[in-house]
Amino acid sequence: MKILIIEDEPGLREGMRDYLTDAGNICETASGFYEAIQKIQLYRYDCIILDIMLPGGSGLQVLEMLKHDKLPDGVLIVSAKNALPDRLSGLKLGADDYLTKPFHLSELLARVEAIVRRRAFDGSPFLEFNEIRIDLDGKQVSVKGKAVRLSRRDYMLLLYLIANKSKIVSKNAIAEHLWGDDIDMADRYDFIYTHIKNLRRKLMDAGCKDYIQSAYGMGYKFSDK
Amino acid sequence: MKLMSKYNRIGLWFAVAAMVITGLVYYFTISYILNGQVDQDLVTEEKEVLDYVKSNGRLPAVLDLENLKISFEPSVAPVKRAFRDAAFFDKRENETESGRQLTSSVVVQGKLYRFSIIESKAETDDLAWLIFEVTLMIIAVLLTGLFVLNRLVVRQLWQPFYAILSEITRFNLTDQNNISKINTRIDEFRLMNDEITSMSSRVIRDYQDLKNFTENAAHELMTPLSLVNFKMDNLVQEGLVSDRQGVLVEEIYQTLAKMKKLNKSMLMLARIENRLFDERESIDLANAMCDALKQFEELFRKRGINVSTAIGSAEIVINADVLPVLLNNLLSNAASHNCQNGKILITVSQGYMSIANTGTNKPLDAGAVFQRFYKAAGSEGTGLGLTLIKEICDTFGIILRYDFHQGLHIFELTF
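The structure presented is a predicted model; accordingly, all values stated were derived computationally and were not measured.

Enquirer: Would you mind going over the domain arrangement of chain B with me for this structure?
Expert: Residues and elements named next belong to chain B. Taken domain by domain, chain B comprises domain 1 (3-153), domain 2 (169-276) and domain 3 (281-414). The interface of domain 2 with domain 3 comprises ten residues on the first partner and 13 residues on the second. Between domain 2 and domain 3, a total of about 1100 Å² is buried, with carbon and sulfur atoms accounting for 74% of that surface. Its largest share of buried area at the contact with domain 3, domain 2 owes to Met268, Leu269 and Ile272, together 47% of the area lost on that side. For the pair domain 2 and domain 3, the number of links is one salt bridge. Residue Glu273 pairs with Arg372 through a salt bridge whose shortest N-O separation is 2.4 Å. Taken together, domain 2 and domain 3 are joined by one residue pair in polar contact (both at pLDDT 80 or more). Its residues assigned to classes, the side of domain 2 that touches domain 3 shows five nonpolar, one polar and four charged.

Enquirer: Explain the domain arrangement of chain A here, please?
Expert: Accessible area lost when the parts come together is the quantity often used to give the size of an interface. Residues and elements named next belong to chain A. Considered domain by domain, chain A is made up of domain 1 (2-120) and domain 2 (126-222). Every contact between the two is made by ten residues of domain 1 and, on the other side, 13 residues of domain 2. Taken over both partners, the interface formed by domain 1 and domain 2 buries close to 990 Å², and the fraction arising from carbon and sulfur atoms is 48%. When residues of domain 1 are sorted by the area they lose upon contact with domain 2, His104, Ser106 and Arg117 head the list and together hold 48% of the total. Linking domain 1 with domain 2 are one salt bridge. Among the ionic pairs, Lys167 bridges to Asp22, the shortest N-O distance being 2.7 Å. Listing elements by their share of the side of domain 1 that touches domain 2, those giving two or more residues are helix H1 (10-22) and helix H5 (105-120).

Enquirer: Please explain the environment of Met199 of chain B as it appears in this structure.
Expert: Along the chain, the position of Met199 of chain B falls in helix H4 (residues 187-237). In this structure the C-alpha to C-alpha distance between Met199 of chain B and Ile179 of chain B, which are 20 residues apart in sequence, comes to 9.1 Å.

Enquirer: Help me out: how do you make sense of the nonpolar core in this one?
Expert: Across soluble globular proteins, nonpolar side chains have a tendency to be buried as a group. Formed by 81 residues in total, the largest nonpolar core has its most connected members in Ile132, Ile134 and Leu161 of chain A together with Ile318 of chain B. Considering every element that reaches this core, the biggest residue donor is helix H7 (residues 322-336) of chain B, with nine residues. With residues near it in sequence (within four places) discarded, Ile318 of chain B still touches Arg280, Glu281, Ile283, Leu323, Leu326, Ile392, Phe396 and Ile398 of chain B. Judged by nonpolar contacts, the second largest core, of 21 residues, contains Leu4, Ala30, Tyr45 and Ile77 of chain A.

Enquirer: Even after reading the chapter, I still don't get unusual backbone geometry, so can you show me in this structure?
Expert: Outside of glycine, negative phi angles account for most residues, and trans bonds account for most peptide bonds. Residues and elements named next belong to chain A. In this model, Lys101 is joined to Pro102 through a cis peptide bond whose omega is -5°. Among the secondary structure elements, Pro102 is positioned in the loop between strand E7 (97-100) and H5. Not every positive phi belongs to a glycine, and Tyr216 is a case in point at roughly 50°. Within the fold, Tyr216 resides in the loop between strand E13 (212-215) and strand E14 (219-222).

Enquirer: Would you mind going over a nonpolar patch on the surface with me for this structure?
Expert: On the surface, Leu142, Leu146, Val148, Leu149, Leu152, Val153, Leu157 and Ile186 of chain B cluster together into a nonpolar patch covering about 700 Å² of accessible area. Structurally, Leu142 of chain B is set in helix H2 (residues 122-157).

Enquirer: Teacher, can you tell me more about helix H6 (residues 285-303) of chain B here?
Expert: Think of an α-helix as turning once every 3.6 residues; residues three or four places apart then point the same way. Residue and element names in this part refer to chain B. With 19 residues, H6 ought to run about 27 Å at 1.5 Å a step, and its terminal C-alpha atoms sit 26 Å apart, in line with that. Along H6, the helix axis deviates most sharply at Phe296, where the bend reaches about 50°. Of the positions making up H6, those classed as buried are Leu285, Ala286, Ala288, Met289, Ala292, Leu293, Phe296, Glu298, Leu299, Phe300 and Arg303. With a side-chain oxygen lying 3.1 Å from the backbone nitrogen of Ala286, the N-terminal cap of H6 falls on Asp284. Directly after H6, the chain includes Gly304, whose backbone phi takes a positive value near 65°.

Enquirer: I'm lost on the interface of chain B and chain A in this one. Help?
Expert: With 41 residues of chain B at the contact, the number on the chain A side is 43 residues. At the boundary of chain B with chain A, total buried surface from both sides reaches about 4000 Å², with 55% on carbon and sulfur atoms. Three residues stand out in chain B for area buried against chain A, namely Phe230, Gln237 and Glu298 of chain B, and they jointly supply 16% of the buried area on that side. The interface formed by chain B and chain A includes two salt bridges. The shortest N-O distance in the salt bridge between Lys260 of chain B and Glu176 of chain A comes to 3.3 Å. Counting across the interface, chain B meets chain A through eleven residue pairs in polar contact (both at pLDDT 80 or more). Of all the elements in the fold, those that place two or more residues in the side of chain B that touches chain A are H4, helix H5 (243-273), H6 and H7 of chain B. Ranked by the residues each element gives to the side of chain B that touches chain A, the list is headed by H4 of chain B, at 13 residues. The residue makeup of the side of chain B that touches chain A, split by class, is 13 nonpolar, 14 polar and 14 charged.

Enquirer: Would you take a moment to explain the pattern of salt bridges for this structure?
Expert: As enumerated under the stated definition, the model contains 26 salt bridges over all chains in all. Its salt-bridge partner being Asp51 of chain A, residue Lys101 of chain A comes within 3.5 Å of it at the nearest N-O pair. Taken together, the residues Lys101 of chain A in the loop between E7 and H5 and Asp51 of chain A in strand E3 (residues 47-51) connect sequence positions 50 residues apart. The partner of Arg170 of chain B in a salt bridge is Glu167 of chain B, and the shortest N-O contact between them spans 3.2 Å. Of this pair, Arg170 of chain B and Glu167 of chain B both sit in helix H3 (residues 159-170), three residues apart, which is roughly one turn of that helix.

Enquirer: What should I look at first to understand the pairing of strand E4 (residues 95-108) of chain B in this one?
Expert: Residues and elements named next belong to chain B. Pairing of strand E3 (residues 82-90) with E4 involves nine bridges; the strand directions are antiparallel. By the bridge assignment, Ala87 is partnered in E4 with Ser98. Hairpin connection between E3 and E4: a loop of four residues separates the two successive antiparallel strands, and Asn94 in this loop has a positive phi of roughly 55°. Relative to strand E5 (residues 111-120), E4 runs antiparallel, the two being bridged by ten bridges. Considered in E5, the bridge of Gly99 is made with Ser120. Counting the residues between successive antiparallel strands, the hairpin from E4 to E5 contains two residues, one of them, Gln109, with a positive phi of roughly 50°.

Here is what the cut-offs are and how they apply
Residues numbered from 1 in each chain as written. Chains lettered and ligands numbered in written order. Predicted model: local features only at pLDDT ≥ 70, side-chain atom pairs only at ≥ 80, totals over all residues. Heavy atoms only, no water. Domains from an automatic or database assignment. Contact = heavy atoms within 4.5 Å. Buried area = accessible area lost by both parts, 1.4 Å probe. Salt bridge = Lys/Arg side-chain N within 4 Å of Asp/Glu carboxyl O. Polar contact = N/O pair within 3.5 Å; in protein donor to acceptor, adjacent residues only side chain to side chain. Nonpolar A, V, L, I, M, F, W, Y, C, P; charged D, E, K, R; others polar. Helix = DSSP H or I, 4+ residues; strand = E, 2+ residues; numbered from the N terminus. Core = buried A, V, L, I, M, F, W, Y, C linked by side-chain atoms within 4.5 Å. Buried < 20%, exposed > 50% of the residue type's maximum accessible area, 1.4 Å probe, protein only. Patch = residues over 30% accessible without salt bridge, like charges linked within 9 Å, V, L, I, M, F, W, Y side chains within 5 Å. Areas by Shrake-Rupley, 256 points an atom, 1.4 Å probe, with all protein chains shown as cover. Expected span 1.5 Å × (residues − 1). Bend = angle between axes of the 7 residues up to and from the residue. Pairing = 2+ DSSP bridges.

Written out as structure tokens, the structure is:
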């Protein structure tokens, strides 16, 4: 995927770039309003990660410009503001998703992938990973054509891990993805363990290889290597 | 006691004392003057007697009038001329009156006579009393008049004071309503009003600054928190060497999550206080509660918490962003302060919601429980959960009550 990261804070910009690049994407960055405008006028991206507060102008103006020119790029707004008006106006202006800082990079990648997938797979919303095939519309998972019944959270977990394939995803990031951050108790790590166990068992029962690896006790990695 | 009553009481005592003293002084002064008058009469009589003796060479006839008596008697030694008070017997009225007597001596044809002139003071006494009574009456009327006038005038005069007082009573920091100016021409009240008005706007401004500071501080913290989060996410991709490092990373992540949560709560609190969640709509509470419960399903199951619900249809007017925060915090509170194999009772009906949970077997400090950063011993939370609940309830006109009944901690919301 080709991704443009528009973010004025250098540390955040590099952090996103490193993670996304490492996951096999091509990333470009813009640190301010005018640089962002220049880039979107010259190049097309699968997804644009857009910070709202930029030196020189608002990220919402960049979004307006994109939509005005009917450019097809997907847009994910990242903002420190969790205020409803901001979120609403962002989505109303045609952004695909809205992510509030602070977030995990694995969450960012999952959201970007979801946006790109939605835009690219018109009519055939299938995601495949070796022998695993996921019907994103019907939320059905099958291994070598054999259906695997997963609970809602197991399904979310599988998608999240595949989106971050070959990356170590921390338990903390998984917990925030599955339950949001309103439940902040240590208990949820035990739930993650249960869900991982379930997911692994169901996939392997269906004849799938074991792709889920535990990483130093602090997270998991979905990888065929 | 009202200032006015206090003032009136002092005034009343003083007026009574002044009245009595004035009356007495008046009475004695008038008596003294009238005595002088009578003495003058006596001297005139004496002169007449002496003149008579001089020209006729004999004593005049004894006089016994209705208010004057003159009597003579032979005397051996000369009598010292003197005035004094004496009794006067009025034959006609057959009663003794107070009188004034002059005793002196006169020589008639070589013989010494002592004579006394007594004049009744009855009339002058009556006059003195009359003047005394009239005076007292005038003073009494004057004082009563003043008293009534005072009450009316003072009540009128204190009007601005009471107006200012009621403004102060109505003053509420979170309303952002300044204390309004009051029209008065009394300097003291105007001064007080000016000071209070400027004080209230100063307080409101400081409070606003403080709230803004909290919001800005929480907001500014989001960037470094994000940064640490990103760096950690990237760091672990480099590959750790040992499980020991994994544990450390895990702990950093957990601490980070706690900081994020704390910061988010502070930001939420500041935003609610700053009235940034003003849009409100009617929301199906039963539905929202079921959604929220789903989030907690696993937690309840793991802790063996038995949840019984009586959820009827209910609509609540609230901000759509805030309702999940309210419900999640209520449920989270009920879950985290519960005991193993405890229970939670949830009731939802139109206009009423209650969440009751088992836990410690003694009531919480109802006064402190909603304060910021109040934590029960051993609590793992941020200490802001209940504060958020309270703040949300206050903002959206929901009445929140905490109660402890038969081992259950009950949070009741009436809306």
